[in-house]
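# Breakdown of the fold
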Amino acid sequence: MKLHQATRYAIWSIVELASRPGEQIAASELAAKYRISQHHLAKVLRMLSRARIVSSTRGPAGGCTFIGNANRLTLHDIIAMFEEDGPNDGQGADTPVASEVARVLGEIDRITSATLRSVTIQTIINNARRAEARVGAAAAAAPKGRDLTDAG
């Protein structure tokens, strides 16, 4: 699934903010971490603020705080804010082939929608933390290289 730039920015920002509850995070920090345009990110954060998913404080000590419910907010909710609803409408020639293609594409749309509705922001945070823990455990368990300065 190819998402618009603003949609990806929104998902990254919401997950980052929700994973740091109560913390006010500057847009510049988010932009630097994800290597994205601060100007475009600011537009996305304004939309999220209007949707009451984040709160925003202006000024030098300003930033954004997640105020949504990470256990209820789904990927579908976020994507719906930024993407045009594009379900297959079955347009095309009125032939058995066109009808079958429309049926299959409609089924794909339904499956995709169901999947996106089942993935909450908290699920993403939990999975990312588990992955980070596995990477940390693997790094700690990895054999250390021999220090050649002590070789004699």
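For the structure itself, consult the block above.
Cut-off values and rules
Residues numbered from 1 in each chain as written. Predicted model: local features only at pLDDT ≥ 70, side-chain atom pairs only at ≥ 80, totals over all residues. Heavy atoms only, no water. Buried < 20%, exposed > 50% of the residue type's maximum accessible area, 1.4 Å probe, protein only. Helix = DSSP H or I, 4+ residues; strand = E, 2+ residues; numbered from the N terminus. Arc of directions from axis to C-beta. Contact = heavy atoms within 4.5 Å. Salt bridge = Lys/Arg side-chain N within 4 Å of Asp/Glu carboxyl O. Pairing = 2+ DSSP bridges. Patch = residues over 30% accessible without salt bridge, like charges linked within 9 Å, V, L, I, M, F, W, Y side chains within 5 Å. Areas by Shrake-Rupley, 256 points an atom, 1.4 Å probe, with all protein chains shown as cover. Core = buried A, V, L, I, M, F, W, Y, C linked by side-chain atoms within 4.5 Å.

### Topic: helix α2 (residues 27-34)
Among the residues of α2, Ala-27, Leu-30 and Ala-31 are the ones counted as buried. Taken end-on, α2 shows its buried residues confined to a sector of 100°, consistent with a single buried face. Exposed positions of α2 whose direction lies more than 90 degrees from the buried face are Ala-32 and Lys-33. Looking at the buried residues of α2, the elements they touch are α1 (5-18) and α3 (38-50). Directly after α2, the chain includes Arg-35, whose backbone phi takes a positive value near 55°.

### Structural notes on the pattern of salt bridges
As enumerated under the stated definition, the model contains six salt bridges in all. The shortest N-O distance in the salt bridge between Glu-23 and Arg-20 comes to 2.8 Å. Glu-23 gets classed as partly exposed once you look at its relative accessible area, which sits at 36%. One salt bridge in this structure joins Glu-29 and Arg-20, with 2.9 Å as the shortest N-O distance. Relative accessible area serves as the criterion here: at 36%, Glu-29 is assigned to the partly exposed category. A cluster of three or more residues bridged by salt bridges with shared partners is formed by Glu-16, Arg-20, Glu-23, Glu-29 and Lys-33.

### Digging into the pairing of strand β2 (residues 63-66)
Residues Gly-63 and Thr-65 of β2 are buried on one face, and the alternating residues Cys-64 and Phe-66, pointing to the opposite face, are buried as well. Taken together, the four bridges between strand β1 (residues 54-57) and β2 define a ladder with antiparallel strand orientation. Looking at β2, one finds that Val-54 is bridged to Phe-66. Between the end of β1 and the start of β2, which pair antiparallel, lie five residues, with Gly-59 showing a positive phi angle near 105°.

### What to know about a nonpolar patch on the surface
On the surface, Val-97, Val-101, Val-104, Leu-105 and Ile-108 cluster together to form a nonpolar patch covering roughly 400 Å² of accessible area. Mapping Ile-108 onto the fold places it in helix α5 (residues 96-118). Under the relative-accessibility criterion, Ile-108 is labelled partly exposed at 44%.

### Structural notes on the nonpolar core
Most often, soluble globular proteins have nonpolar side chains that are buried together. Grouped together as the largest cluster of nonpolar side chains are 30 residues, with contacts concentrated most on Ile-14, Leu-41, Leu-48, Phe-66, Ile-78 and Ile-121. Among the elements that make up this core, the one with the highest residue count is α1 (seven residues). Setting aside anything within four residues of it in sequence, one finds Leu-48 in contact with Ala-10, Ile-14, Ile-53, Val-54, Met-81 and Phe-82.

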